[in-house]
Amino acid sequence: PISCTCTNEEGDDRELKSQALITFQYNNLYPTMSTADDVDAKPADNPPISTTNDDAIDDSNTTPTPPPTPPIFIQGLSVLSPRQNNSTLLPPQTDDVAVPLPPLRPEEPVASIRGALSEVLGFAHLTRYRLVVERLTEEQIERKERKRKETKQESEVVNGEKKVGSGNCWSPFTLRDAQVTISPSLKSLETGALLPGSPENSNAEEEELVLDEYGDLSALLPLLENDDKAVTNNVVSISSDNSKIILDASHLAIRVVLEKYDLASIRDHMMRVRQLLEGNAPYVTSLLGEEAPVESEEEEEIKVEEIEEKKGDTPEKKEAGEKQESGEDAETDEEKATKDADKEAEAEAEKQAQMEAIASALPTYAPDYDVLFESATQGGDLTNFYYLACGEEQTLLRLQKDRSDGQAAVNATGEWMEGNDTKENKKKGNGGGGRKKKSKGGKSNSNKGNTMDKEPMVEIERTLYNLNEATRVSSKVTLRLSGYHPPPAHRRVLGDLAYLEATLPDGSIVQVTAFPLGFYANRSTSSKFDPTPAVGSGSKDACYSHALLDCLLQRSKPFRTSWQSALNAAKERSDLLRELSLTEDSLHGIFRPVASTFPNNASGPAATTSGGMGMMMSTSPSTFLPRIDSMVVKPSWLVPLPAVEEGDMVGPQKSTWDHDGLHSLNGSRAEEELTSMFGMDVRGGGLRDWNEELQTAREMPVEIFGERIERARLVHKVLSDFGDASLAGVKAIFDGYIMPMNPNEPARSHVYLHNNIFFSRAVDTGLDTFKIIQGDGAAKKSASRDAHNMGVLHRLDIPGLHTLATVLVEYLGTRIVCQSVVPGILHGEKSHSLLYGAVETLSALQCDEEMHKLLESSIGEGCMVATRTIPAHPLTDERMDVIKKYRITPLPPLEDKENDKDGDEDDKDKLIQICGPMEMKGILGSDKRKYVLDCTRLTPRDANWVGKASGGTGCWGDHESSGTTGGAKKTKLVPSSLEDDEWMVCVLRPELVTNYAELKISKYLAEQVAEKRNGESEKVEKESSIADEPSAEPSADKKEEPIKAAEEKEVDVNETKKEAVEEESKTKESLAKIEEDYIRSLRYNVNVFLPYTRSIEPMDEESHEKLKQDEEEARKLARHLWDTVIPNFTKEIRSSSGNGLQLPVDGRSLTELIHQRGINCRYIGRLAELARKEEFDDVIASEKAAAPDNITDKTSAKKKAPRFRMPLCWLELLECEMVARAAKHVLDSYMMEQGGASSTAQVPAQTIASFLSALVSVGEESAAETERRTTSKVQSSVLDQEDMNALTLFGAGGNGGGVSSPIRGRDEIWSDIEREIGRRYRHTLSLYNTSGSKKDGGESRALYTPLLRRICQRSGIRLVAKHYDMGKKCVCGGGSGTSGLTASYPVAPTDILDILPLVKHAASVAGESFAPCSFNGNAGSTSLHVLLSDAKTVYEYGHANLSNGNVAVTLDYSQEASAMYQRVLDSPIHPQISKCLKLTAVAHYHKDEPELAI
């Protein structure tokens, strides 16, 4: 905000003029106050709360201190239609179109005005123009005032329908008389052009003020200062509390001036017209918003009465007060008692009425109704999934009742909106019988509101769908580049820029020539090229216009009719949505689009996307886009079944679904696909340097709050754009558009460089690079751990330590690592240097002293990582021999040549110190910044997953050998050994390390307190014993000795005190050093239990002993997890009903819960075994408690049943999560066998459908059972085998080059899943794929719907919401030998709507893992961490105050933290904002305000 007391010495003249103008205005308001000294004052450094200046004023100045400068608003501005050369050529009665603007701040960006004009009728189709400030004449001012005061609405009602505007639907201001000029910036290229600020330019004639597109409206303030009218009448009004100043700018206007096109702007203009034709027709005619409703006298009286009631000034109270003032007798005791009784009766009646209203609002069910909806949840009916998940059972019941009665949705008696009070009625407390809101002109909308309330949800969605279809003109009009484009050389020199081809609604094809002044229809046909202007009358004319849309509208009457209908539909849609926002509840407003079955019901302008041609509007989607994607952050796994044909839908009920019917012909879509730049912005002047942008943003100043906000905003924007660019680049790689940097190597070793982003596959690429692990599974896990640790360092925000932007993208089993490029790494060896670690396997590890200190102060202190001594060549001789034998010729190393010893014997026994994993690398880039790469471990390796012979704890071996598995049988599915490449990457959770350290610190402090108390008690005892010793009677000489000693003691008292102080300070220093050493002893060595590493014992015995101690500490920590944390957590789950623990409801919440306790997901098998043992003990205890009293065994006593029982849902949820995670890995292996994410992969939908069918079934159907099922039950949405084979061509090309059949049988699929569960979790399933009877609780407890949901979420699969027969037999087609698609059952290949990539951003919020996103960029977004410590501090302070009972303070701080996050994100949708809102809700609940909490 601009302040008269805040100036910048290095600012430009424009800012100083703005300051001077505001000071001048303020002096006019307060003539007795002097602000001359304040103009040069510095602002106070308190930006989070106030922007005013509280600097002290000189005591010699006797004038009073002026109040803080209020904000300034510019009022009266308007935007005028494009400038014309000769107004006589305009149609009669055509005046300038003036779009009034609301009061704006001087710092309002000009770009926001251009964005607002993109939705205004008559301006939305303009793209090439500039905004200039124009001074209005007296006549123009009077005409503008007259139009403003007119109450006539701009829209007319013709034949009962609203019509936007009148006359022709094209703009008359873009035709031949429109003034089209070149850009002012190009005038500087003219010979002899005057430079800005030169003396010649200052003496020249004053030019018009052009508003900079990247500037703001502060440029108007100097213009107002130099204006005589502005000096006298600039202040329209000032509020009584000096809250704001309003400047009158009604004598100024912003004029649109059209500019000439170039070829790039022609393409942008085409994209804009396509976006308008795609259902985004403009409907806005004014930017002032709705005017205040005109209230009648009766309504004013009612309003006054309501105000008086709130104040308590009712007529009865007034009358009583008058009586009391007049001296009349006061009320008697009987009258008071009567009134009190009446009040109590009224209160009781009101309470009873409220109870009845609550009872009537409760749902009602029939006696035989399935209240738990078990038939839907367990039977696999996902058609109504979102109704049940969102608590809309009553809506579902009404819709089902309508269908059972044979009624159409239009005649449905169930009112979906019934019982939902409007916002206005809720505020007034009138319930459903409140007064309706008035519209403009005092006309009531009560009829329309009542109609809206009675319309069911399906009918509302149907109306919106019909209006959206009416606004989509793209199905009738196709606009693309002509086949004659680009222009030949002889036409280019004549000014032709491009040739376009438009197919109009009547089927005619118009060839259009684009030249710098605009567009005109030419004489070309499909067989003849003639780009000259068409000659004729009326629609046969060239129809020149600066805007392409106006040119085509002049040319075709059918197009004018369609466009006019689209404008009317857009206006009606806007009115409908506005009415819905006033009449329906907010939660229902969210649920309605979620459960919508009508495709593409999006309204309003589409979001802009950054593509190869700059910022452009996104066009039509490539396929069906469900409306639920617009309401959720991440794409949903289940999509409501859309309606294709008329009459398909009656509520949430399907009849048919034709995939091809949802994909319409659109030539523009194909053209954009071919011209895509895959995330690159070639118009931006070059490729973006992501690393430089990120590091520059991180190095921004953070001294004041405003600087920290700007820094957080820029960091968040750069990382968000990097994620989008990475996703676009990965898609281009999968589609084969980008060539690898090393095409001569195998595909698994390919690396790519695109858009300054480095792409590589997360696989084991061989022995060339230095690493400890091996195997593809370990490589994928290591990439994930590296991204996680990079996120930890990003959130620590350590100055001087730089990390790369990192994103992981996983698609169809292939994981791609996307990273920004280290400066200089691609430009030779001398442009960078290796400071830490090693790149090549045979090179020695490096350790720069400065880099080591930086890592020790950051990673060591922040992540509790210990510094240890290791050999410079850590690998064993055997491993080195294997590497030398099998490695490929290495690439040029990163380190300097003098440091490249290539395994020389001279430094083989050299020792170095390292803080962090030995694979970590520190590089000094060409920008002189220090970067950290490959940080794969920040906690020790889990000793429980290390073989006992290799130094592990042996807990798994002891546990399995003891046979204590809770009734589970040991099978061959669980490996007998822990030797697995993937387990080398298994590390402990940082939460466990932190909790264990806190536990040790608490014990240490308790011991210190106990020792201190013991020492004090011993000292007291010693002093008391000395005082109690008997002494002989002293002589006279001896009596004088104590007196002399006392005198000497008085002389030396000062020296004694000094010695005591010095001794005390030394004691404190020693204690501080002891405590510091103890804290350092809590750090862990992250390089323990590593294979293929040399022993340091022959080189350094002390370091070897330290390594043994580190390994023992790691074993203690792992045993603490096994013996204490996991059993205690199981006990906590068992007593969850008593301790208030909320059990998780799905796999995601389960993962978050166990991670908070420091338990890795690989221990889910251990948790399941403990849960199964607890269930077994509960059954035994219940049987003993139910036994009769006269038992035969006299020695045993009857036991009571346990107070708490293990929840049965706990084991069900654990096994469901295990199956889902293992199934994801198995499915990835299947997809990799077929080519992975490559475009050459064979029919992934078939593999996925067969896999899911096997997953949710109990067996496989025989041929006879399949025949009986298909003949007994007609399912129009399920294709038979013949229809399935007709979907695509099979048998060609040698049947796919001999690739094996991708179809597997159910037994093979479940065998692979169980083997993966046994290997990964060392557990045997007891609820899934069991052949036991249901009395044992086997198959009946399997959760098939949650399992299907979880596997789809973890794999990015999107299914159609329909009925799936889960828990029955399936058809997978394994071993059938057919070459076509298999009609798998219950999930068919046609039920797979899409397969989304999974994205993990290193800078995401803590705990965020892979999240599904969309390659099209239309759904899904990772939640990035907001790098703003102020918001985190405020949130934690509010949380602490809630624990202390300061609810009011908690509310203030939670709202302030939420506001800080929103200032960075510009959106309320973020996990950190949701945490603030949750804290606000809890505070309101503690404040006894449940309505506000909800």
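Cut-off values and rules
All residue numbers refer to positions counted from 1 along the written sequence of the respective chain. This being a predicted model, a pLDDT of at least 70 is required before a residue's local features are given, and a value of 80 or more before pairs of side-chain atoms are given or counted; all residues contribute to the totals for chains, interfaces and linings. Note that the side-chain values use all heavy atoms of the structure and ignore hydrogens as well as water. Disulfides are defined in this document as cysteine sulfur pairs within 2.5 Å. To sort residues, take the accessible area from a 1.4 Å probe on protein chains only and compare it with the maximum for the residue type: under 20% means buried, over 50% means exposed, and anything in between is partly exposed. For helices the rule is a DSSP run of H or I covering at least 4 residues; for strands it is a run of E covering at least 2, with both sets numbered from the N terminus onward. Residue contacts are defined here by distance: any two heavy atoms, one from each residue, within 4.5 Å place the two residues in contact. Only Phe, Tyr and Trp rings take part, Trp by its six-membered ring, and two of them pair if their centres are within 6.5 Å. Stacked means planes under 30 degrees apart, edge-to-face means over 60, and tilted covers everything else. At least two DSSP bridges between two strands are needed for those strands to be called paired. As a rule, the C-alpha atoms of each element are fitted with a line to give its axis, helices using only the stretch in contact, and angles between N-to-C directions run from 0 to 180 degrees. We call a set of buried Ala, Val, Leu, Ile, Met, Phe, Trp, Tyr and Cys residues a nonpolar core when their side-chain atoms join them within 4.5 Å. Here the expected span of a helix is defined as 1.5 Å times the quantity of residues minus one.

(A) A look at the state of the cysteines. Scanning all chains against the criterion turns up zero disulfides. The thiol sulfur of Cys 551 is not disulfide-bonded, and the nearest other cysteine sulfur, from Cys 543, lies at 5.8 Å. Given a relative accessible area of 2%, Cys 551 falls into the buried group.

(B) Quick peek at the environment of Trp 690. Within the fold, Trp 690 resides in helix α22 (residues 690-698). C-alpha separation for the pair Trp 690 and Asn 756, spaced 66 residues apart in sequence, amounts to 7.0 Å. Beyond its immediate chain neighbours, meaning those up to four positions away, Trp 690 contacts Val 718, Asp 721, Phe 722, Ala 725, Asn 755, Asn 756, Ile 757 and Ser 820.

(C) Main features of the packing of aromatic side chains. All chains considered together, the criterion is met by 19 aromatic pairs. Residues Tyr 499 and Phe 529 carry aromatic rings whose centres are separated by 5.4 Å and whose planes lie at 65 degrees to one another, so their mutual orientation is edge-to-face. Note that Tyr 499 is positioned in strand β13 (residues 498-503) and Phe 529 in the loop between β15 (518-521) and α18 (548-555), a separation of 30 residues in sequence. Given a relative accessible area of 2%, Tyr 499 falls into the buried group. Residue Phe 529 is classed as partly exposed on the basis of its relative accessible area of 32%. Ring geometry for Tyr 1328 against Tyr 1344: centres 6.2 Å apart, planes inclined by 90 degrees, an arrangement best described as edge-to-face. Of the two residues, Tyr 1328 is situated in the loop between α40 (1306-1321) and α41 (1344-1355) and Tyr 1344 in helix α41; the sequence distance between them amounts to 16 residues. Neither residue differs from the other here; Tyr 1328 and Tyr 1344 are each classed as buried. Here the aromatic residues Trp 945, Trp 956, Trp 983, Trp 1122 and Tyr 1163 are joined through ring pairs into a cluster of three or more.

(D) Up close: the sheet that holds strand β33 (residues 1398-1401). In spatial order, the strands read β19-β20-β22-β21-β33-β34; together these six strands make up an open sheet with antiparallel pairing. A single partner strand is all that each edge strand has here, and the edge strands are β19 (751-754) and β34 (1411-1412). With four bridges joining them, strand β21 (residues 806-811) and β33 adopt antiparallel strand pairing. Within the sheet, the bridge partner assigned to Glu 810 lies in β33 and is Leu 1398. Strand contacts of helix α23 (residues 705-734): β19, β20 (757-761), β21, β22 (814-820) and β33, with the helix running at about 135 degrees to β22, the strand carrying the most contacts.

(E) Expanded view of the pairing of strand β30 (residues 1357-1361). Counted residue by residue, β30 has five buried out of five residues, so it is predominantly covered. Pairing analysis gives three bridges linking strand β18 (residues 638-640) to β30, with the strands arranged parallel. Pairing of Leu 638 across the sheet is with Leu 1359, part of β30.

(F) Structural view of the nonpolar core. Within the largest apolar cluster, 122 residues are counted, with the highest numbers of intra-cluster contacts made by Phe 1251, Leu 1252, Ile 1313, Leu 1348 and Leu 1359. Here this core gets 14 residues from one element, more than from any other, and that element is helix α35 (residues 1208-1233). Once you skip the residues sitting within four places of it in the chain, Ile 1313 turns out to touch Val 1219, Ala 1222, Ala 1223, Val 1226, Phe 1251 and Leu 1255. With 40 residues, the next largest nonpolar core counts Phe 770, Leu 835, Met 851 and Ile 914 among its residues.

(G) Focus on helix α7 (residues 263-277). Its 15 residues give α7 an end-to-end C-alpha distance of 21 Å, which sits within 8% of 21 Å, the value for a rise of 1.5 Å per residue. When you tally the buried positions in α7, you get 11 out of 15 residues, the bulk of the element. Buried residues of α7: Ser 265, Ile 266, His 269, Met 270, Met 271, Arg 272, Val 273, Arg 274, Gln 275, Leu 276 and Leu 277, and no others. Count one or two residues on from α7 and you reach Gly 279, which has phi positive near 115 degrees.

(H) Structural context of the sheet that holds β30. Pairing is mixed across the open sheet formed by three strands, whose spatial order is β18-β30-β32. The sheet is open, and its two edges are formed by β18 and β32 (1392-1395), each paired on a single side. Across the sheet, the mean angle from the axis of one strand to that of its neighbour is 30 degrees, orientation sign disregarded. Against the sheet, helix α36 (residues 1244-1255) engages β30 and β32, with an angle of about 110 degrees to β32.

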